[in-house]
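# Examining the three-dimensional arrangement
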Amino acid sequence: EAGVAQSPRYKIIEKRQSVAFWCNPISGHATLYWYQQILGQGPKLLIQFQNNGVVDDSQLPKDRFSAERLKGVDSTLKIQPAKLEDSAVYLCASSFTGGEGYTFGSGTRLTVV
Amino acid sequence: GENVEQHPSTLSVQEGDSAVIKCTYSDSASNYFPWYKQELGKRPQLIIDIRSNVGEKKDQRIAVTLNKTAKHFSLHITETQPEDSAVYFCAASRTGTTSGTYKYIFGTGTRLKVLA
């Protein structure tokens, strides 16, 4: 089966600029997650979708981060405006039922300068 | 809130020795505990998982043990090899009929170095 696709793989932007990341989950996976992984730390959940509805966005900095999952398939995560502390790898994961069986994408490494 | 603590943060072992990584979770309703291996610049890969209805699970050189009473679970790697060098993450989660709302809570990671 095809894996979780993410793009771009790398992105370098200046602070205060905007950036968007894209994720295509495994076909049939209803649950989609965006995690932020800062260097040397474990992944931190930003937002969780079940189909096209938001289940948990309690740790999403909503003043600058937004995410959507139109039609319950692909998802985009946007940062506007970016800060230096947003430098991290942004991982997308999907699962069939939620709570187990995550498959991760390769991630997008964001550097904010 | 829900929390998973992981120790140690770094671990160096000689090739052929064993390595043990320990995690403690706070949510007593957690019933699913996966372990991920992440090599530099790559995605996390599931290496083993355990459910709360068993105390131990083995897969070749890797084993995981679970103590529900103490809310501890551990990863054991025997006969370590240089290719085992990576960052290992534990996680805790719930599964069930409404599990669409559940998510992994990750530990902070352990950097394992296997010295040849």
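Keep in mind the model is a prediction, meaning the values are calculated, not measured. (Residues numbered from 1 in each chain as written. Chains lettered and ligands numbered in written order. Predicted model: local features only at pLDDT ≥ 70, side-chain atom pairs only at ≥ 80, totals over all residues. Heavy atoms only, no water.)

### Points about the state of the cysteines
Within the structure shown, the criterion is met by 2 disulfides over all chains. Bridging A:C23 to A:C92, the disulfide has an S-S length of 1.9 Å. On the sign convention where negative is left-handed, the bridge of A:C23 and A:C92, at about -70° about the S-S bond, is left-handed. On the criterion of sequence distance, the pair formed by A:C23 in strand 3 (residues 19-24) and A:C92 in strand 9 (residues 88-95) is long-range, its members being 69 residues apart. The burial state of A:C23 is the same as that of A:C92; both residues are buried. Across the disulfide, B:C23 is cross-linked to B:C90 (sulfur-sulfur distance 1.9 Å). Judged by the sign of its S-S torsion, about -100°, the bond between B:C23 and B:C90 is left-handed. (Disulfide = S-S within 2.5 Å. Helix = DSSP H or I, 4+ residues; strand = E, 2+ residues; numbered from the N terminus. Buried < 20%, exposed > 50% of the residue type's maximum accessible area, 1.4 Å probe, protein only.)

### Notes on the pairing of strand 6 (residues 53-56) of chain A
Residue and element names in this part refer to chain A. With 3 bridges connecting them, strand 5 (residues 44-50) and strand 6 associate as antiparallel partners. Paired with F49 across the bridge in strand 6 is V54. Between strand 5 and strand 6, which pair antiparallel and follow one another directly, the connecting turn spans 2 residues, one of which, N51, has a positive phi of 55°. (Pairing = 2+ DSSP bridges.)

### What to know about the side chain of B:Q38
When you line up the elements, B:Q38 lands in strand 4 (residues 32-38). Polar side-chain contacts of B:Q38 include one of 2.9 Å to the side chain of A:Q37. At a separation of 3.0 Å, a polar atom in the side chain of B:Q38 contacts the main-chain carbonyl oxygen of B:K42. Contacts of B:Q38, omitting those with residues within four sequence positions, involve A:Q37, B:R43, B:P44, B:A86, B:V87 and B:F89. (Polar contact = N/O pair within 3.5 Å; in protein donor to acceptor, adjacent residues only side chain to side chain. Contact = heavy atoms within 4.5 Å.)

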